[in-house]
Amino acid sequence: METGTVMKQSIRVAALSGSLRKGSYHKGLLRAAIDLAKESVPGMQIEYIDISPLPFMNTDLEINGTYPAVVEAFRQKILEADSILFASPEYNYSVSAPLKNAIDWASRPPNVWADKPAAIISTGGIFGGGVSQYHLRQIGVFLDLHFINKPEFSLNAFQPPEKFDVEGNLVDESAKERLKKVLISLQEFTMRLQGRE
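Bear in mind the structure is a predicted one, so any value in this text is a computation, not a measurement. (Residues numbered from 1 in each chain as written. Predicted model: local features only at pLDDT ≥ 70, side-chain atom pairs only at ≥ 80, totals over all residues. Heavy atoms only, no water.)

A. Up close: the overall build of the protein. When its secondary structure is counted, the protein shows 6 helices and 6 strands. Shown N-terminal to C-terminal, the secondary structure of the protein runs as helices and strands in the order α-β-α-β-α-β-α-β-α-β-β-α. Along the longest, intermediate and shortest principal axes, the C-alpha atoms of the protein span 55 × 50 × 25 Å. Relative to its 197 residues, the protein shows a buried fraction of 46%. Averaged over its 21 positive side-chain charges, the protein has a centre that lies 1 Å from the centre of its 23 negative ones. (Helix = DSSP H or I, 4+ residues; strand = E, 2+ residues; numbered from the N terminus. Buried < 20%, exposed > 50% of the residue type's maximum accessible area, 1.4 Å probe, protein only. Lys, Arg positive; Asp, Glu negative; His and termini not counted. Charge placed at Lys NZ, Arg CZ, Asp CG, Glu CD.)

This is the structure we're talking about:
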């Protein structure tokens, strides 16, 4: 019976970074989230989904209702996930082009984002990427994504104390604690929407 309870509570989270840079702080946030889930959020499995191989969105690549193999594989990962964790950098007060491209591919019929619970985390300068989060929430309205409202997570990467090491790994313990609260909220919201509370 205990095993059944654990299985029932398990959720799969697809994690996407809107930054393709090797030492990206947003990838660092996702690595920290994966570690935190393993260590202290029982029942949550986070898988990083690399969006860098996706071609530019172009409906000419859609043939008889099918998509290029790399796009099909990406769409399947999103479809199989119970919820989504976006690490969204802020480019010119909005979401990054790679992330928007991934969103657009997965929104093509049938829209595989529909009815997925989601959370957004971001880092950057003064606003910590916060403005991009509101644009992403607007996009989510059309896609039928359901974002958690609280807690919000935006992190000023350049304000002391040091937030990331030279390889882009999150080292700030208070930020890790805030990130853990986001994961717990996403888990609870996912369970509630799926009727598994």
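That shown, we press on.
B. Layout of the pairing of strand 4 (residues 117-124). Burial analysis of strand 4 places 8 of its 8 residues in the buried class, which makes it a mostly covered element. Residue alternation in strand 4 divides its side chains into two sets, Pro117, Ala119, Ile121 and Thr123 and Ala118, Ile120, Ser122 and Gly124, and both sets are buried. As paired strands, strand 3 (residues 83-87) and strand 4 are joined by 4 bridges and run parallel to one another. Paired with Ala87 across the two strands is Ile121, which belongs to strand 4. In terms of strand pairing, strand 4 meets strand 5 (residues 146-147) through 2 bridges, oriented parallel. In the sheet register, Pro117 faces strand 5, and the bridge partner there is His146. Taken together, the 4 bridges between strand 4 and strand 6 (residues 153-156) define a ladder with parallel strand orientation. Counterpart to Thr123 in the pairing with strand 6 is Leu155. (Pairing = 2+ DSSP bridges.)

C. Molecular detail of the UniProt feature "domain: NADPH-dependent FMN reductase-like" (unreviewed entry) in the protein. On the UniProt side, "domain: NADPH-dependent FMN reductase-like" (unreviewed entry) is annotated at positions that read residues 12-157 here. Secondary structure across residues 12-157 divides into 36% helix and 21% strand, with the first and last C-alpha atoms of the span separated by 28 Å. (UniProt positions renumbered as here; feature names shortened; annotations may be inferred.)

D. Just empty space enclosed by the protein, in detail. Overall, the coordinates contain 1 cavity of 30 Å³ or more when judged by the stated rule. When its volume is computed, the largest cavity comes out at roughly 30 Å³. Around the largest cavity, the lining residues are Ala119, Ile120, Arg137, Ile148, Pro151, Glu152, Phe153 and Val182. When its residues are assigned to classes, the lining of the largest cavity shows 6 nonpolar, no polar and 2 charged. (1 Å grid on protein atoms, 1.4 Å probe; cavity = no way out; pocket = protein on both sides within 12 Å on 5 of 7 lines; lining within 4 Å. Points joined across faces, edges and corners; volume = space filled by probe spheres on them. Nonpolar A, V, L, I, M, F, W, Y, C, P; charged D, E, K, R; others polar.)

E. Local environment of the side chain of Ser122. Relative to the assigned elements, Ser122 resides in strand 4. When sequence neighbours within four positions are dropped, the list of residues in contact with Ser122 reads His26, Leu29, Ser88, Gly128, Gly129, Gly130, Gln133, Phe153, Ser154 and Leu155. (Contact = heavy atoms within 4.5 Å.)

F. Structural context of unusual backbone geometry. Across the junction of Pro109 and Pro110, the peptide omega takes the value -10°, indicating a cis bond. Tracing the sequence through the fold places Pro110 in the loop between helix 4 (97-107) and strand 4. Cis geometry marks the peptide bond from Lys150 to Pro151, where omega comes out at 0°. By secondary structure assignment, the location of Pro151 is in the loop between strand 5 and strand 6. In this model, Asn92 sits at a positive phi of 55°, which is unusual for a non-glycine residue. The residue Asn92 is located in the loop between strand 3 and helix 4 in this model. For Asn92, a relative accessible area of 78% translates into the label exposed. At Asp115, a residue that is not glycine, the phi angle is positive and equals roughly 70°. By the secondary structure assignment, Asp115 is in the loop between helix 4 and strand 4. By relative accessible area, which is 56% here, Asp115 ends up exposed.

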